[in-house]
Amino acid sequence: MLNTQDILETIKMIQDENLDIRTITMGISLLDCIDPDIDVACEKVYQKIMSKAKNLVKVGEDIEREYGIPIINKRISVTPIAIISAACKGADPVKFALTLERAATDCGVNFIGGYSALVQKGFSAGDEELIRSIPRALSVTEHVCSSVNIGSTKTGINLDACKLMGQIVKEASELTADRNCIGAAKLVVFCNAPDDNPFMAGAFHGVGEPDCIINVGVSGPGVVRAALAKAPDANISEVADIIKKTAFKITRMGQLVGTEAGKRLGVPFGIVDLSLAPTPAVGDSVAHILEEIGLEKCGTHGTTATLAMLNDAVKKGGVMASSRVGGLSGAFIPVTEDAGMIDAARCGSLCLEKLEAMTAVCSVGLDMIVVPGDTPAETISAIIADEAAIGMVNFKTTAVRLIPAVGLKEGEELDFGGLLGYGPIMKVNKNSSAKFINRGGQIPAPMQSLKN
Amino acid sequence: MKTVITAVGKDNVGILAKVSAICADVSANVIDVSQTVMQDMFCMIMLTDTSKMTVDIGTLRSKMEEMAKENNLQVHVMHEDLFNSMHRI
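Computed from a prediction, not measured in an experiment: that's the story for all the values here.

Bringing the environment of Gly407 of chain A into the picture now. All names here are of chain A. Tracing the chain through its elements places Gly407 in the loop between β12 (398-405) and β13 (413-415). Assessed through its relative accessible area of 66%, Gly407 is described here as exposed. Along the chain, Gly407 and Cys88 lie 319 residues apart, while their C-alpha atoms are 37 Å from each other.

Okay, the pairing of strand β2 (residues 71-78) of chain A next. Residues and elements named next belong to chain A. Of all eight residues in β2, seven are buried; the element is thus mostly enclosed. By the bridge criterion, three bridges tie β2 to strand β3 (residues 111-118) in an arrangement that is parallel. In the sheet register, Ser77 faces β3, and the bridge partner there is Gly113.

Quick look at the domain arrangement of chain A now. Residue and element names in this part refer to chain A. In terms of domains, chain A is made up of domain 1 (23-191) and domain 2 (217-449). When each unit is reduced to the centre of its C-alpha atoms, the spacing between domain 1 and domain 2 is 22 Å. Tallying the contact residues gives 46 residues for domain 1 and 52 residues for domain 2. Of the roughly 3,900 Å² buried between domain 1 and domain 2 on both sides combined, carbon and sulfur atoms contribute 68%.

Attention now moves to the packing of aromatic side chains. Residue and element names in this part refer to chain A. Under the definition given, this model contains one aromatic pair over all chains. Aromatic pair Phe199 and Phe332: ring centres 4.9 Å apart, planes at 80°, arrangement edge-to-face. With Phe199 in the loop between β6 (187-191) and β7 (212-218) and Phe332 in the loop between β10 (330-331) and α13 (339-346), this pair connects stretches of sequence that are 133 residues apart. Taken individually, Phe199 and Phe332 each receive the classification buried, so the pair is uniform in this respect. Its end group placed over the ring of Tyr46, Arg102 keeps NZ or CZ at 3.8 Å from the ring centre.

Moving on, we come to helix α1 (residues 4-16) of chain A. Residues and elements named next belong to chain A. The end-to-end C-alpha distance of α1, which contains 13 residues, comes to 18 Å, matching closely the 18 Å that a straight helix rising 1.5 Å per residue would cover. For α1, the complete set of buried residues consists of Ile7, Thr10, Ile11, Met13 and Ile14. Looking straight down α1, one finds that the buried residues subtend no more than 155° of arc, so they occupy a single side. Along α1, the residues that are exposed and aim more than 90 degrees away from the buried face are Gln5 and Asp16. Between the side-chain oxygen of the N-cap and the backbone nitrogen of Gln5 there are 2.7 Å, and the N-cap of α1 in question is Asn3. One or two positions beyond α1, positive phi appears at Asn18, with a value near 60°.

The rules behind the values
Residues numbered from 1 in each chain as written. Chains lettered and ligands numbered in written order. Predicted model: local features only at pLDDT ≥ 70, side-chain atom pairs only at ≥ 80, totals over all residues. Heavy atoms only, no water. Helix = DSSP H or I, 4+ residues; strand = E, 2+ residues; numbered from the N terminus. Buried < 20%, exposed > 50% of the residue type's maximum accessible area, 1.4 Å probe, protein only. Pairing = 2+ DSSP bridges. Domains from an automatic or database assignment. Contact = heavy atoms within 4.5 Å. Buried area = accessible area lost by both parts, 1.4 Å probe. Phe/Tyr/Trp six-rings, centres within 6.5 Å; stacked < 30°, edge-to-face > 60°. Lys NZ or Arg CZ within 6 Å of the ring centre and 35° of its normal. Expected span 1.5 Å × (residues − 1). Arc of directions from axis to C-beta. Polar contact = N/O pair within 3.5 Å; in protein donor to acceptor, adjacent residues only side chain to side chain.

This is how it looks when you write it as structure tokens:
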């Protein structure tokens, strides 16, 4: 028989501590939709997505009902569109974005990711056209998310792509200035992008992945914080142990849902992404976990050390709990999506430089950070290059999702609403990085790449 | 399929009867029940076999929630596998 204590603990986690499955993401390969005629290709893309994902939302809702677990998002990720659009010479890649939007709306999913290009070593056919079309694509669609991989440990960093992405991020924000610059919030610039990430905006379906697959992203910062609150005097090794045990339980739930969803959809189960993904809701914050461990405010000295421990303990607990772990896996630190980070940024405890240090030990990178609208494109490019360098040297995924808030200045606030949250505009170093960025070329791969 | 039904709330006459009446109504077979009253909080956990139920799990949940609202209780209807996977290696 089941243990009463265990049952009540699970219910408390879901009801009071915001435990949920953040996303079930179906990865769909579009490699068989390539066609030189863009209209034919778009139709094939639409049909392929509909044939695989038409039941995704229903199955998600069924599982939610039967198991009593909230599943917040149902999403789709597809093969990077630059690979598909490369065959359509001279055509406008935004047609693909509109097709993805139509498929997402008809399937009823929350987001569709994969308006992406992989240019870590240089631009191939179609890449540059697609990247230049990103701001328009994001402004005429609602559900489409975009990402660009500009570096990796194996290849180094494509500085030409960094330069271009600085302009693209600004433009994406400007074209959606009337909608709180939402375009930039749906665009991520990666180094070492994972092929199986279920989280938006960076999800795409890697070329080495099977035809169709189900990936699951779990959440639960509130659960970890509540567990730590019960042990206020534990030493740091005991704290790490508590986090591991909690991460284990959270991940098991993800594994269960992923396996079940795969079975019902007739699609193989891919991975569980063991991420602590915060939301702006009170009690669902990664910053509050760090504060529970013993920081007066997130961003103060000690933040990097506690975050490193948290990130590592989450992985250790999760790896034991799931047969397949992948994606980003670790602790996310998106500023506008985390009530504790928002507070810390507002009071000046958390600055861009500290966030950069934190990204060396967290699972992703500079995420959902609002900067002044007049920040030069070269400065954004340089922030991207810095972040990519951390990822390249440390063999980890790093990403940048900055939102230049058009017309707003440091200290003012931008509000997206919903899961994307709100946040203060952060201070950016005003000294120019233009000469470095305008040099162009490729930052060579580091020694770490020569492992063979 | 086995389903765990839990009810928590202020102790009152007939909570168990009301929960089991709904189960009987939809042909959910009660396999095991445990209940305690801590201070004046009533806490009941019921394991039921819902494989031969005459309605789907969503209907069972809404019936339970309706009853819970009338009696000022918190009722949860969840699949047994959830607890097995989270708490057993």
